[in-house]
Amino acid sequence: MGLAACNSAGGLVSPDVTNAPAAGFVDISPGSEEEFIVNVGRRIYFDQGSAVVTDEARITITKQADWLKKNKKWLVKIQGHADDPGSEAAQKTLSTQRANAVMAELVKLGVSPKRMWVKGYGVERPVTDCDELACKSQNRRVVVNLREEFDDSAPR
């Protein structure tokens, strides 16, 4: 008879932490923001200087669209970010183009544009501040955030 929820090797027994629920996300309810973040994903990354949705990004966007079509109570703020060469104005434009590209993909996949709006932040909200290419690439992103109501950046 084996032990449930334990690992054993060489006579040692340890708790099964590999399959333990993620801290802070023990009771994820269907249709919740936590479910969206953990099981769907809210970040889409872009190549340097580009607002073109890659095939890899399209996989995440498709999962987002499927989830959003099932969970119509949520509004969606699509936030674009940049960390690319160029002026602050160019960064703001590129981040807005990235957010618009993600919104266009979501609309193509059947999510109502009336539930979504975009905001380009340029370099205002970096995930990390560094000079290394691998590090900077984390800032070249769009974050799809769920909202219960429109905020000041939503078009009127």
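So, here's what we can say about the structure.

## Some remarks on the environment of Pro30
Note on placement: Pro30 falls in the loop between strand E2 (12-15) and helix H1 (33-40). For Pro30, a relative accessible area of 76% translates into the label exposed. Distance from Pro30 to Asn71, taken between C-alpha atoms, is 9.0 Å for residues 41 residues apart in sequence.

## Focus on helix H3 (residues 88-108)
Between its first and last C-alpha atoms H3 spans 30 Å; for 21 residues at 1.5 Å apiece the expected length is 30 Å, and the two agree. When we look at burial in H3, the residues that qualify are Gln91, Leu94, Ser95, Arg98, Ala99, Ala101, Val102, Met103, Glu105 and Leu106. Those residues of H3 that are buried lie in contact with strand E3 (43-45), helix H2 (55-70), strand E4 (75-80), strand E5 (116-120) and strand E6 (141-147). Among the residues trailing H3, Gly110 stands out with phi positive, at a value near 105 degrees.

## Considerations on the pairing of E4
Counting buried positions over the six residues of E4 gives six, a clear majority of the element. Residues Leu75, Lys77 and Gln79 of E4 are buried on one face, and the alternating residues Val76, Ile78 and Gly80, pointing to the opposite face, are buried as well. Strand direction decides the pairing type here: E4 and E6, joined by six bridges, are antiparallel. In the strand pairing of E6, Leu75 is matched with Arg147. Note: E4 against E5, five bridges, orientation parallel. Following the sheet pairing, Val76 is matched in E5 by Met116. Of the crossover connections in this fold, the one passing from E4 over H3 to the parallel E5 is right-handed.

Criteria and cut-off values
Residues numbered from 1 in each chain as written. Predicted model: local features only at pLDDT ≥ 70, side-chain atom pairs only at ≥ 80, totals over all residues. Heavy atoms only, no water. Helix = DSSP H or I, 4+ residues; strand = E, 2+ residues; numbered from the N terminus. Buried < 20%, exposed > 50% of the residue type's maximum accessible area, 1.4 Å probe, protein only. Expected span 1.5 Å × (residues − 1). Contact = heavy atoms within 4.5 Å. Pairing = 2+ DSSP bridges. Right-handed = clockwise from strand over helix to strand, strands pointing away.

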